[in-house]
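Overview (structure and organization)
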Amino acid sequence: ANAVAPDFVVKAVRSYELPEMVAIEPGTFMMGAIEGQRANPTYRPQHSVSLTRGMWVGKYEVTQRQYEGLMGVNPSQSKGDNKPVTNLTLTEMVNYCNKLSELEGLTLAYAIDGANITWDRDANGYRLPTSAEWEYFARAGTTDNTYAGVNDGKAPNSVVDPIAWYWATSIIPNGTRSVQPIGGKLPNPWGLYDVLGNTHEACFESHVPYTSDPVSNPWGGFRGDSIIVRGRNYASLIGEVSISDAPMVRTPGLVSNGAGMRLVRYR
């Protein structure tokens with residue numbers, strides 16, 4: 001009798017780790033510092049922001065294992081597979097996003113020409129959020145200066161201590177402060193961890209002053225001289241830990257042990 005050999009399908013096995021993503025729906029929220037709550041008055045007035053496209057948002061900050069598995073290096077000062085990757089320039093961050101997109105068959109979000117980086121706003125590839133996107137998913141439908149209630153600036157702090165690694169909570173056994181493994185504090189209502197504290201999270205945007213005008217899908221552009229980083233980090237003081245606090249601004253080529261990234265992409 002004739003024997004028919006069965007068909008064998010060989011499936012490619014990833015040699016890298018994809019970030020775990022959470023589906024976020026479009027929506028409208030009030031962006032900016034809240035009157036009567038701790039925050040830098042520079043980032044007022046509050047104004048209505050509408051985001052019209054759904055996103056996938058990283059459940060956690062990108063880890064050192066994820067970055068090294070794809071890029072082959074780990075520049076972080078405080079080593080740990082499950083700690084956020086840090087000490088990256090903006091170019092290194094967007095190169096990581098593009099490489100991940102390429103391997104997953106997605107349209108690259110960034111075109112990189114030396115220090116000149118441009119964003120294709122229609123691309124579905126992995127990228128850094130805008131400042132408005134960051135505040136939208138960090139707030140997760142809440143309206144106080146943290147997603148767990150009002151941070152009154154006092155330490156210890158019953159609102160902030162359970163949700164964020166900051167100056168008072170990030171001490172390691174040798175008495176110094178350090179980034180911590182991801183997911184060690186309570187998530188926000190949309191299931192995102194460490195949006196406050198642990199590391200500053202880079203946004204692909206340069207800051208522009210707020211106005212009271214309602215806006216849709218705002219983006220201040222990228223000038224090449226500065227980027228916004230949000231959420232504060234493990235070394236921040238209690239009064240600084242706020243969703244509505246001033247976005248910190250960093251030079252794109254500057255690296256920091258307190259700055260990392262959380263990826264997003266359009267759904």
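Before reading on, note that the structure itself is shown above.
Residues numbered from 1 in each chain as written. Predicted model: local features only at pLDDT ≥ 70, side-chain atom pairs only at ≥ 80, totals over all residues. Heavy atoms only, no water.

1. A look at the overall build of the protein chain
Along its length, the protein chain carries three helices and twelve strands. Over its C-alpha trace the protein chain gives a radius of gyration of 19 Å, about what one expects of a compact globule, namely 18 Å for 267 residues. Structurally, the protein chain occupies a C-alpha span of about 85 × 50 × 40 Å along its principal axes. Relative to its 267 residues, the protein chain shows a buried fraction of 52%. Of the contacts formed within the protein chain by residues at least 6 apart in sequence, a portion of 68% connects residues at least 24 apart. Here the protein chain has roughly 11900 Å² of accessible surface; of this, 52% comes from carbon and sulfur atoms. For the protein chain, the centre of its 23 positive side-chain charges and the centre of its 26 negative side-chain charges are spaced 3 Å apart. (Helix = DSSP H or I, 4+ residues; strand = E, 2+ residues; numbered from the N terminus. Rg over C-alpha atoms; globule rule 2.2 N^0.38 Å. Buried < 20%, exposed > 50% of the residue type's maximum accessible area, 1.4 Å probe, protein only. Contact = heavy atoms within 4.5 Å. Areas by Shrake-Rupley, 256 points an atom, 1.4 Å probe, with all protein chains shown as cover. Lys, Arg positive; Asp, Glu negative; His and termini not counted. Charge placed at Lys NZ, Arg CZ, Asp CG, Glu CD.)

2. Observations concerning the layout of surface pockets
The volume enclosed by the largest pocket comes to roughly 240 Å³. Along the walls of the largest pocket sit 17 residues, with His47, Val208, Pro209, Tyr210 and Pro218 positioned nearest its centre. Classifying every residue of the lining of the largest pocket gives ten nonpolar, five polar and two charged. (1 Å grid on protein atoms, 1.4 Å probe; cavity = no way out; pocket = protein on both sides within 12 Å on 5 of 7 lines; lining within 4 Å. Points joined across faces, edges and corners; volume = space filled by probe spheres on them. Nonpolar A, V, L, I, M, F, W, Y, C, P; charged D, E, K, R; others polar.)

3. Let's talk about the sheet that holds strand β11 (residues 259-260)
In space, the four strands of this open sheet follow the order β10-β9-β7-β11, with mixed pairing throughout. Only two strands of the sheet have a single neighbouring strand rather than two, namely β10 (248-250) and β11. Where strand β7 (residues 200-202) and strand β9 (residues 227-230) come together, two bridges link them in antiparallel fashion. Residue Ala202 lies in a different strand from β9, and its bridge partner there is Val229. (Pairing = 2+ DSSP bridges.)

4. Some thoughts on the nonpolar core
In terms of nonpolar packing, the biggest core is built from 60 residues, with Tyr110, Leu128, Met261 and Leu263 touching the most fellow members. Sorting elements by how many residues they give to this core places helix α2 (residues 90-103) first, with six residues. In this structure, Leu263 is in contact with Pro19, Met21, Trp56, Val57, Gly58, Val62, Tyr96, Cys97, Leu100, Tyr126, Arg127 and Leu128, ignoring residues within four places of it in sequence. (Core = buried A, V, L, I, M, F, W, Y, C linked by side-chain atoms within 4.5 Å.)

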